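Each chain, letter by letter, is given below.
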There are 2 protein chains.
Amino acid sequence: MSDEFFMKLALDEAWKYQLLTYPNPAVGCAIVDKNGKLLALGAHKCAGKAHAELGAVTLALCELKPELKSELLRLENSPNELYDFILKNHKGALNGACAFVSLEPCTHFGKTPPCALLLRDLGFCRVVFGSADLGGQAKGGAKLLANAGVSVAQSTLKSKCDELLEPFLAWQSGHFAFFKLALSLNGVYTGKISSQIAQKHCHDLRSKLDLLVIGGNTVRSDRPILDARFSTTKHAPDVLIYSRKSEFERQIPLFSVLNRKVDIKNDLELLKKAKFAMIEGAGRLFKALENEFSWVLIYQSKSFKKGSFLDISKSLEIMHSTPLGADTALWCKVREN
Amino acid sequence: MSDEFFMKLALDEAWKYQLLTYPNPAVGCAIVDKNGKLLALGAHKCAGKAHAELGAVTLALCELKPELKSELLRLENSPNELYDFILKNHKGALNGACAFVSLEPCTHFGKTPPCALLLRDLGFCRVVFGSADLGGQAKGGAKLLANAGVSVAQSTLKSKCDELLEPFLAWQSGHFAFFKLALSLNGVYTGKISSQIAQKHCHDLRSKLDLLVIGGNTVRSDRPILDARFSTTKHAPDVLIYSRKSEFERQIPLFSVLNRKVDIKNDLELLKKAKFAMIEGAGRLFKALENEFSWVLIYQSKSFKKGSFLDISKSLEIMHSTPLGADTALWCKVREN
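Rules used throughout
Residues numbered from 1 in each chain as written. Chains lettered and ligands numbered in written order. Predicted model: local features only at pLDDT ≥ 70, side-chain atom pairs only at ≥ 80, totals over all residues. Heavy atoms only, no water. 1 Å grid on protein atoms, 1.4 Å probe; cavity = no way out; pocket = protein on both sides within 12 Å on 5 of 7 lines; lining within 4 Å. Points joined across faces, edges and corners; volume = space filled by probe spheres on them. Nonpolar A, V, L, I, M, F, W, Y, C, P; charged D, E, K, R; others polar. Contact = heavy atoms within 4.5 Å. Salt bridge = Lys/Arg side-chain N within 4 Å of Asp/Glu carboxyl O. Polar contact = N/O pair within 3.5 Å; in protein donor to acceptor, adjacent residues only side chain to side chain. Pairing = 2+ DSSP bridges. Helix = DSSP H or I, 4+ residues; strand = E, 2+ residues; numbered from the N terminus. Buried < 20%, exposed > 50% of the residue type's maximum accessible area, 1.4 Å probe, protein only. Patch = residues over 30% accessible without salt bridge, like charges linked within 9 Å, V, L, I, M, F, W, Y side chains within 5 Å. Areas by Shrake-Rupley, 256 points an atom, 1.4 Å probe, with all protein chains shown as cover. Lys, Arg positive; Asp, Glu negative; His and termini not counted. Charge placed at Lys NZ, Arg CZ, Asp CG, Glu CD.

Enquirer: Would you mind going over empty space enclosed by the protein in detail, with residue names and values included?
Expert: Per the counting criterion, the structure on display carries two cavities of 30 Å³ or more. Around the second largest cavity, the lining residues are Phe5, Phe6, Gly36 and Leu38 of chain A together with Phe5, Phe6, Gly36 and Leu38 of chain B. In terms of residue class, the lining of the second largest cavity is made up of six nonpolar, two polar and no charged.

Structural data, given as structure tokens:
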């Protein structure tokens, strides 16, 4: 199979954790042995956890050296120790292997040691990547590997890999905002749409945000909580209620969530200043704020449903369609109409 | 990677040709060499063309024996000659390989020789399949292979493989009908929805049908052609206009298509008798005929759009989501509400 085939698998893995890696980039990695056998798919899942390459190497070694498995899994959330343990115990198991990574392997000693050194020291003979990082942690990874005699190919599925990286580059410039909505298969946004798994995904995202933006009308009519109770950390985001009128019933649940700041404003200054913001709403807010976001995340359910339809016009490009239980997460980019 | 991983790839390949194989089943096949390297993905594309196993073997040999490639490709549409050529020239290239097939390999000398013999004679050491055929062409494939010393595993992703097979089993019982509609991402069905690639797919399907069913109101308002001009064969299907009133302007283009029969009826006898029927329409016809079809095919576009919304309620299960250029084909099964 082609390099593109394996890179596509690495990308699919990475999209499962898109935005959840904040402030780090979403990255995916496929590892193929010297005979062309796919050994593992890995992704960076969360800041502070293993990079994609280390994650995939760990899974590959679980397969190849079952005697290491329990220790590898024990160290899963301690990337530094995991890295050291692997370098001491791999015994050449990945000699001659090939890695397909969406982003150039890093050369940076940060929370984890550099992935380019890991791949070199494990004896990888080929590294294929999509996006080159021009100034970030990845800088120089290709050169380091090539200097060590590893065959390096770049720009495989580059535009797909660059898309995956967009939020990260925007965070580095200080601001990324996206619009989230839930729709039935026939465009209805009212009533219960999302399954528990999609709701958990939404709460996981909320737990990472610097700011959640919602419209005043929705707050008055839906009386939402807007917390992150289904997420692992349960960390509820600060909220901006975008509203002309500043009076709200304080019994509305979102005001009672602990450790959260709620602002009620008729301007978007807070949104523009937020490094990572999600706007939740439907057609009205979508139109009012359409210049304020570049991505749209749609949780699409599997039913035709009666209710109110999303009555707007906008060209989108679907970058990835990620299954989420019975629903699908459609990751869309806004196109000019 | 697991058996399920490779079976999933075989299924993805098969769904690209779902219904286009009429009256044959859609079948997919992945071939993995003795070292675990994925060599090829194949599918049955059309009645009279190579079965999935023969198609995948052909692609694998194109990779392994480049000197055979031009002859293999020349024989692509002559499955019998292809089969003979492969058996004479493979030189053990696939010795020890493993095949993942959605359906038990056939033992039937039909338009093409049996795939179970092909896999045996090429030296495959393992065959994994999903659906067992209890009375069709596939019957006995597993036994034949096992008797020849091939390791056989069955029921891998069985329910997914069984779903893929549903139209074929229905055709064998004499009748399969599905509802087709095109929707924008927000549920609008009016105006131009589908891209050229989705339109071609629809025309390819139309060229296979025994009957296309359409509502009288749509005929009067849209004045459609309902032909298959973008398909390879351009074979236009017979049409049933389901309508209380039997008078239609004969200038409506669908009446002028050559070699087509058009019936105008207020009953569904023709639909119920058709071996392979597609119903094209939107909400009104969907509700009127909701007991007449088991599958729904949605061509979903990538835009929010203004227009008329599909205002119905129905629980669906998405069996497969197949990219079609900028659009997506969502293959859905109707669930009880």
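Read on, since the account is not over.
Enquirer: Before we move on, could you go through the interface of chain B and chain A and cite the residues and values that matter?
Expert: Contacts between the two partners involve 33 residues from chain B, matched on the other side by 33 residues from chain A. We note a salt bridge from Lys306 of chain A to Asp311 of chain B, for which the minimum N-O separation is 3.8 Å. Between chain B and chain A we count twelve residue pairs in polar contact (both at pLDDT 80 or more) in total. Within the side of chain B that touches chain A, the residues separate by chemical class into 18 nonpolar, eight polar and seven charged. Across two bridges, strand E12 (residues 303-304) of chain A lies against strand E13 (residues 314-324) of chain B in antiparallel orientation. If you follow Ser303 of chain A over to E13 of chain B, its bridge partner there is Ser315 of chain B.

Enquirer: Go over the side chain of Lys65 of chain A with me, naming the residues and quoting the values.
Expert: All names here are of chain A. Within the secondary structure layout, Lys65 lies in the loop between helix H2 (52-64) and helix H3 (69-74). Classification of Lys65 as buried rests on a relative accessible area of 14%. What Lys65 contacts, discounting residues up to four positions off in sequence, is Asn89, His90, Lys91 and Ala93.

Enquirer: Lay out a positive patch on the surface in plain terms, naming residues and giving numbers.
Expert: The grouping of Arg220, Arg244, Lys245 and Arg284 of chain A at the surface amounts to a positive patch. Checked against the element boundaries, Lys245 of chain A lands in the loop between strand E8 (239-242) and strand E9 (262-265).

Enquirer: Requested: an account of the pattern of salt bridges, with residues and values cited.
Expert: Going through the model one piece at a time under the given rule, you end up with 36 salt bridges over all chains. The partner of Asp12 of chain B in a salt bridge is Lys8 of chain B, with the nearest N and O atoms 3.2 Å apart. On the criterion of helical spacing, the pair formed by Asp12 of chain B and Lys8 of chain B is a turn pair, its members being four residues apart in helix H1 (residues 3-15). Relative accessible area serves as the criterion here: at 24%, Asp12 of chain B is assigned to the partly exposed category. Across the salt bridge formed by Asp227 of chain B and Arg229 of chain B, the nearest N and O atoms sit 2.5 Å from each other. Exposure remark for Asp227 of chain B: the relative accessible area of 11% places this residue in the buried category. For Arg229 of chain B, a relative accessible area of 38% gives the class partly exposed. Within the structure, one salt-bridge network assembled from shared partners comprises Glu163, Glu166 and Lys333 of chain A.

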